[in-house]
Amino acid sequence: MSVDVLDYDEALAAFDPVLGLEVHVELNTASKMFCGCVNAFGAEPNTQTCPVCLGLPGSLPVVNGKAIESAIRIGLALNCSIAEWCRFARKNYFYPDMTKDFQTSQYDEPIAYDGWIDLDVDGETFRIEIERAHMEEDAGKLVHAGGSTGRIGDAAYSLVDYNRAGTPLVEIVTRPITGTGAKAPQVAKAYVSFLRDLMLSLGVSDVRMEQGSLRCDANVSLMPKGATEFGLRTETKNVNSLRSVERALTYEIQRQAAVLSSGGKVHQETRHWHEEGYTTPGRSKEQAEDYRYFPEPDLVPVAPSREWVEELRGTLPELPNLRRARLQGEWGFTDLELQDVVNAGALDLVAATVAAGASPQAARKWWTTELARRANETGVELAGLAITPAQVAELQALVDAGTVNDKLARQVIDGVLAGEGSPAAVVASRGLAVVSDAGALSAAVDAAIAANPDVAERIRAGKVQAAGALIGEVMKQMRGQADAGRVRELILAKLA
Amino acid sequence: MSILTASAAELSARLASGELSAREVAQAHLDQIEAVDDRVKAFLYVDGERALAAADAVDARRAAGEQLGPLAGIPLAMKDIFTMTGAPTTCGSRILEGWRPPYNSTITQKLIDAGVVVLGKTNMDEFAMGSSTENSGFFTTHNPWDNTRIPGGSGGGSAAALAAFEAPLAIGTDTGGSIRQPASVTGTVGVKPTYGGTSRYGVVAMASSLDTPGPCARSVLDAALLHSVMAGWDPRDSTSINAPVPDVVGAARSGDIAGMRIGVVTEFGGEGYQPGVEQRFREALAILEGLGAEIVEVSCPHFDYALAAYYLIMPSEVSSNLARFDAMRYGLRIGDDGQHSTEEVMNLTRGAGFGAEAKRRIIIGTYALSSGYYDAYYGSAQKVRTLITRDFDAAFGQVDVLVSPTTPTTAFTIGERVDDPLAMYKADLCTIPSNLAGNCAASIPCGLSPDDGLPVGFQVMAPPLADDRLYRVGAALERELASRWGGGLLDGLASSPAGAYLNVGGVR
Amino acid sequence: MALTAADVARLGELARIRLTDEELAHLAPQLDVILASVARVTEVAGADVPPTSHALPLTNVFRDDVVIPSLPAEAVLAAAPAVEDGRFRVPRILGEEA
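Visitor: Could you give an account of the overall build of chain B, naming the residues involved and the relevant values?
Guide: Of the regular secondary structure elements, chain B holds 17 helices and 11 strands. In summary, chain B has a C-alpha radius of gyration of 21 Å against a globular reference of 23 Å for 508 residues, a match within 12%. Principal-axis analysis of the C-alpha atoms gives chain B an extent of 65 × 55 × 45 Å. By the burial criterion, 68% of the 508 residues in chain B qualify as buried. Considering only residue pairs separated by 6 or more positions, chain B has 75% of its internal contacts joining residues 24 or more positions apart. Counting only carbon and sulfur atoms, one obtains 50% of the accessible surface of chain B, whose full area is about 14,400 Å². In chain B, 39 side chains carry a positive charge and 57 a negative one; their mean positions are 3 Å apart.

As structure tokens, this is what we get:
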């Protein structure tokens, strides 16, 4: 793929990125948006449809009240105003996955609007303004067949499954996000991650990006430094993980910067993200789609009473910002320490580990250092590691009790991750416990002293720091199964 | 006594008494269809076996001592816009030729539950767009009064079936006059209930905010009986009214209009109105006055803009409602040769499957909704709608009902207006305002025009949810006219030379 | 605001209707006449007049979030022009992927 990309730092030296993020959340209602078909993933094709979601001639939609409730709660959690009166609208366009060849959505009357959330990214706070959150229905699923790639470009024909048609969606749209500078891709990732956590805490969606219940379209444009007008933006789709959000935006920034730096113009277009690490343009359109929006005549307006809205506000869980502040206080973390935890995506894990009995600092240490490293190495999310908060707490308890030291603890983690059982079981089966037999320890210390007379001399002379080398030898001898502090004591005592 | 010329009410009594069996009644009508429909061409589809089976089922239930409703065993002709399993629903269009829906409309189900015997599906202008059935993708229906003339539209098939004595009851939909105008030109009764009073679930959508399913019959009481079975709240239709159905049957039986205030709409008359039509209209007014009603003139100035607003709102909704006919899931598919793309197949199929009027309206609607034009066209039309509703509200503040001729002329000849869309649209001048405002309206036969001997319809309009007033006034007029004529208007057709081919003459 | 055949062709594209040259030539003037006559709505559609999208003043019509059995797949696919693997088979799509 020989497309020019400018070095990231060079790009950011010349341009300011402006982001726009559109996130679709698939609601976890029992039934679909406008009919009683089950709202579920993974069934045999075309077994979860009815005249309404198939858009059969004569069918009519009826709004799922639970979906409205979820949409309002999402809006409230995003600090939005909730419309006193709003309507659904038809967005008219033809596509084979659209059973009516219009989507019932909301146009100029979204149910929630003018909200905001604060994001902490690497110690910096960014306020993201939410333009709107509105309700709409999903389309069916297309599979492209008869070609070699499974992509639309070389397909001979396509196959449609309408099970997903009519699934309730809430689309959340940000206002243009400026002032992120070089952190733009991280801010975007943090935003999507935040929304994911929020939806989980609200209980309104599974938000699994790999299953499509959380989707992100990433828009970015570049402004030359000092300019006041936004540049033309591209919209990148097929961004199916948090990592992809960051990578896709990084790439697009570099690509657009290359285009602009060489005197070219960025095409306002939709692009497709490829996991290999680049974007390609969609089919270029001669004219922008004209969706001919008009109010949906088959549905009547939605006018949530203020009493109902307040009732729903009372059902909101503690919102992430407030929860974080509370936990920080409870744990006694500094801002930086809390930031570490949040950045690592470990807040819930730390909380659970503390709840299982570990000290906050210990929990923080394990999740943000050793375990985060391993998650990175194996390319999984922290929560996807095969070790539970309870097990981490158990491990720390073993360290506190002196049964294992830090180094041994890491080996214990190896064992737990490999599925060998709980920390205590791994210690036992691998024989990792710190040796407490004073005789064996004493003998090892004697041996080390004997093997290193010059070092021993220096220690006798008062250079206690030199003890480190001897400690190292003893530990090697003991295969790490000794308490380093105890070893040091013994050495100094013997050489006093 | 004749089965074919009996009213549904009479048949109901004779079925209840055991004098007739439902099978006899069904068979008689199937025979009539067989005998005359080659000429009248009211039906797109007839299922004799199914009808007889339904009739037999009613007879069995009655024999078992079950208490049956008033319409059990009564045959009915169904406009081909209502879905019904086990039969095709085409909406008069080639694009849906042969489509068999997997579900029943709410109204279809209510009729089946009431023991009504559906004889078949009747012809209509394609997707309800038209005033003559000349836009049907299959053939044009002929007015039983004069086979060279149109039976009205879009529900011409249902009205013709009634006037040809092929069925005592029929149902249709009225979006701009598609029940009332055919009723007017065929000498039958056609009612547009209050919008939302009858469920649209399973009724193929034309203009969603205007479409209203309604009853068609040869008498006011028959229409009332059918209305009360059809109407009622439906949770599957979000625009359905959750309120009790007005006592239309009681009103039809009463017909007492003493003290009622009747408003004559000034804007519905004069230039463009056939003199014979206006004459019969005035005579009917005099009758109502004689029965104790007070007649006043009422001006509804914005009614002059109704046609324009309608021909913007309706095509806009049509262009969106008809988008689903895209060759992907059902219906016609043309051009799928392994080379053409989906876009091309959609284009080719819709180009071939839709008729000229459908295309015209889809294009107008697409234009009216498109960016840059929305405010001037669709947006403005929706404002005119508000103004028309206000005119009605003001008028109904002064009077109980408004009246007018149903349509400016009697039945025109086949082919006469087909190349002049605007002339065709004018047939709906008087009917359209009620669709825009959502109130109820009906057409009652009020005589034959002296200039051409063809039926004239008298339109009654009432406020939303006051459907009973239509039947009260309609019954009063019908009763008085029947006593003057010695029978109904269609009895005249039956016993005239022009109606000899119907072979029902004279036997009452 | 005269509609040309090209305008009508573009509208046809938007509406996915292939119009023949004959139809285009025929339709443009017809549509022009119709549009001219309906344009009079602007005469009375003042800024102070609210638009009506619904005849009835209903609001908040909702259904409970309850699952109702779906149609069986055979019924769903019965009217399909083409079926493969339990799915609707449609010709190759030129438009971009969602």
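Visitor: Before we move on, could you go through the interface of chain C and chain B and cite the residues and values that matter?
Guide: Between chain C and chain B, the residue contacts involve 53 residues of the former and 61 residues of the latter. Surface buried jointly by chain C and chain B totals about 4,900 Å² across both partners, of which 68% is contributed by carbon and sulfur atoms. The tally of links between chain C and chain B comes to 1 salt bridge. A salt bridge links K359 of chain B to E23 of chain C; the nearest nitrogen and oxygen atoms lie 2.4 Å apart. Taken together, the links from chain C to chain B amount to 17 residue pairs in polar contact (both at pLDDT 80 or more). Among the secondary structure elements, those contributing two or more residues to the side of chain C that touches chain B are α1 (5–14), α2 (21–38), α3 (41–44) and β3 (87–91) of chain C. In terms of residue class, the side of chain C that touches chain B is made up of 37 nonpolar, 8 polar and 8 charged.

Visitor: Just give me the short version of the packing of helix α2 (residues 65–77) of chain A against helix α5 (residues 306–313) of chain A, but keep the residues and values in it.
Guide: Residue and element names in this part refer to chain A. Remark: α2 packs on α5, axes separated minimally by 10 Å, with the N-to-C direction vectors making an angle of 70 degrees. When the axes of α2 and α5 are compared, the pair comes out roughly perpendicular. Read as a crossing pair, α2 and α5 show a hand that is right-handed. Note on element contacts: α5 touches α2 through W308, V309, L312 and R313, opposite I68, E69, I72, R73 and L76.

Visitor: Describe in detail the packing of aromatic side chains, supporting the description with residues and values.
Guide: Inspection of the entire model under this criterion finds 24 aromatic pairs over all chains. Ring centres of Y373 of chain B and Y377 of chain B lie 6.4 Å apart, and the angle between their planes is 35 degrees; on these two criteria the pair is classed as tilted. In textbook terms, an aromatic cluster arises when at least three aromatic residues are bridged by ring pairs, as seen for W99, F127, F325, Y330 and F354 of chain B. One residue, R40 of chain C, lies across the ring of Y305 of chain B, its end atom 4.5 Å from the ring centre.

Visitor: Report on the environment of T250 of chain A, specifying residues and quantitative values.
Guide: Here T250 of chain A is to be found in helix α4 (residues 242–261). The spatial distance from the C-alpha of T250 of chain A to the C-alpha of I152 of chain A is 26 Å, given a sequence separation of 98 residues.

Visitor: Account for the side chain of D237 of chain B, with residues named and values stated.
Guide: Position of D237 of chain B among the secondary structure elements: in the loop between α7 (220–230) and α8 (248–254). Although buried, D237 of chain B forms no salt bridge, and the nearest oppositely charged side chain, R200 of chain B, lies 4.1 Å from it. Polar side-chain contacts of D237 of chain B include one of 2.9 Å to the backbone nitrogen of R200 of chain B. D237 of chain B has contacts with L60 and V62 of chain A together with T198, S199, R200 and Y201 of chain B, leaving out every residue within four places of it along the chain.

Visitor: Describe the interface of chain B and chain A, naming the residues involved and giving the relevant values.
Guide: Facing 39 residues of chain B, the contacting portion of chain A comprises 31 residues. Carbon and sulfur atoms supply 59% of the area that chain B and chain A bury against each other, a total of about 2,600 Å² over both sides. Counting the surface chain B buries against chain A, the share from its top three residues, S238, R324 and R329 of chain B, is 23%. The interface formed by chain B and chain A holds 2 salt bridges in total. A salt bridge links R200 of chain B to D298 of chain A, with the nearest nitrogen and oxygen atoms 2.9 Å apart. Applying the counting criterion to the chain B and chain A interface returns 15 residue pairs in polar contact (both at pLDDT 80 or more). Looking at the side of chain B that touches chain A, the elements that each hand over two or more residues are α10 (306–321), α11 (342–353) and α12 (356–369) of chain B. For the side of chain B that touches chain A, the leading source of residues is α10 of chain B, giving 4 residues. Class assignment of the residues belonging to the side of chain B that touches chain A gives a composition of 18 nonpolar, 13 polar and 8 charged.

Visitor: Tell me about α2 of chain C, and please be specific about residues and values.
Guide: Taking 1.5 Å as the rise per residue, α2 of chain C with 18 residues should run 26 Å; its terminal C-alpha atoms sit 26 Å apart, in good agreement. The largest bend in α2 of chain C amounts to roughly 25 degrees and is located at L27 of chain C, with the proline P29 of chain C lying one to four residues further along. Of all the positions in α2 of chain C, only L24, L27, A28, Q30, L31, I34, L35 and V38 of chain C are classed as buried. Looking at the packing, one finds that the buried side of α2 of chain C touches α10, α12, α13 (375–398) and α14 (421–425) of chain B together with α1 and α3 of chain C.

Visitor: Outline the environment of A6 of chain C, listing residues and values.
Guide: Residues and elements named next belong to chain C. Position of A6 among the secondary structure elements: in helix α1. Classification of A6 as exposed rests on a relative accessible area of 56%. Sequence spacing of A6 and A28 is 22 residues, and the spatial spacing of their C-alpha atoms is 8.8 Å.

Visitor: Provide a residue-level description of unusual backbone geometry, including the pertinent values.
Guide: Residue and element names in this part refer to chain B. G153 connects to S154 through a cis peptide bond whose omega is 5 degrees. Residue position: S154 is located in the loop between β3 (117–122) and α5 (156–163). The backbone of N503 shows a phi angle near 55 degrees, a positive value even though the residue is not glycine. Mapped onto the secondary structure, N503 falls in the segment after α17 (489–494). By relative accessible area, N503 is classed as exposed at 66%.

Visitor: How would you summarise the pairing of strand β7 (residues 261–265) of chain B if you had to cite specific residues and measurements?
Guide: All names here are of chain B. Of all 5 residues in β7, 4 are buried; the element is thus mostly enclosed. The pairing of β7 with strand β8 (residues 294–298) spans 5 bridges and is classified as parallel. Looking at β8, one finds that I262 is bridged to I295. Read as a crossover between parallel neighbours, the route from β7 over helix α9 (residues 275–290) to β8 is right-handed. The sheet contact formed by β7 and strand β9 (residues 401–405) spans 3 bridges and is parallel. Each residue of the ladder has a partner; that of V264, found in β9, is V403.

Visitor: Can you lay out the sheet that holds strand β4 (residues 89–92) of chain A for me, pointing to particular residues and giving the numbers?
Guide: With antiparallel pairing, 3 strands are arranged side by side in an open sheet as β5-β4-β15 (chain A). The outermost strands of the open sheet, each flanked by one partner alone, are β5 (102–105) and β15 (294–295) of chain A. Sheet analysis places β4 of chain A next to β5 of chain A, joined by 4 bridges and oriented antiparallel. Within the sheet, the bridge partner assigned to A89 of chain A lies in β5 of chain A and is S105 of chain A. On top of the sheet, α10 of chain B reaches β4, β5 and β15 of chain A; it is set at about 60 degrees to β4 of chain A, its chief contact.

Visitor: Which residues make up the sheet that holds β3 of chain C, and what values do they have?
Guide: The antiparallel open sheet is built from 4 strands, whose spatial order is β8(A)-β9(A)-β3(C)-β2(C). Where the open sheet ends on each side, the last strands, each with one partner, are β8 (141–145) of chain A together with β2 (83–84) of chain C. Sheet analysis places β8 of chain A next to strand β9 (residues 157–161) of chain A, joined by 5 bridges and oriented antiparallel. Directly across from V143 of chain A, in β9 of chain A, lies its bridge partner L159 of chain A.

Visitor: Explain the pattern of salt bridges to me, and be specific about the residues and the numbers.
Guide: This structure, assessed with the given rule, holds 53 salt bridges over all chains. Here E269 of chain A ties to R271 of chain A by a salt bridge, and the two come within 2.6 Å at their closest N and O atoms. A salt bridge links E84 of chain C to R89 of chain C, with the shortest nitrogen-to-oxygen separation between them at 3.0 Å. Residue E84 of chain C is classed as partly exposed on the basis of its relative accessible area, which comes to 25%.

Rules of the game
Residues numbered from 1 in each chain as written. Chains lettered and ligands numbered in written order. Predicted model: local features only at pLDDT ≥ 70, side-chain atom pairs only at ≥ 80, totals over all residues. Heavy atoms only, no water. Helix = DSSP H or I, 4+ residues; strand = E, 2+ residues; numbered from the N terminus. Rg over C-alpha atoms; globule rule 2.2 N^0.38 Å. Buried < 20%, exposed > 50% of the residue type's maximum accessible area, 1.4 Å probe, protein only. Contact = heavy atoms within 4.5 Å. Areas by Shrake-Rupley, 256 points an atom, 1.4 Å probe, with all protein chains shown as cover. Lys, Arg positive; Asp, Glu negative; His and termini not counted. Charge placed at Lys NZ, Arg CZ, Asp CG, Glu CD. Buried area = accessible area lost by both parts, 1.4 Å probe. Salt bridge = Lys/Arg side-chain N within 4 Å of Asp/Glu carboxyl O. Polar contact = N/O pair within 3.5 Å; in protein donor to acceptor, adjacent residues only side chain to side chain. Nonpolar A, V, L, I, M, F, W, Y, C, P; charged D, E, K, R; others polar. Axes fitted to C-alpha atoms, helices over the stretch in contact; angles between N-to-C directions. Parallel < 35°, antiparallel > 145°, perpendicular 65-115°, else oblique. Left-handed = near helix turned anticlockwise from the far one by under 90°. Phe/Tyr/Trp six-rings, centres within 6.5 Å; stacked < 30°, edge-to-face > 60°. Lys NZ or Arg CZ within 6 Å of the ring centre and 35° of its normal. Expected span 1.5 Å × (residues − 1). Bend = angle between axes of the 7 residues up to and from the residue. Pairing = 2+ DSSP bridges. Right-handed = clockwise from strand over helix to strand, strands pointing away.

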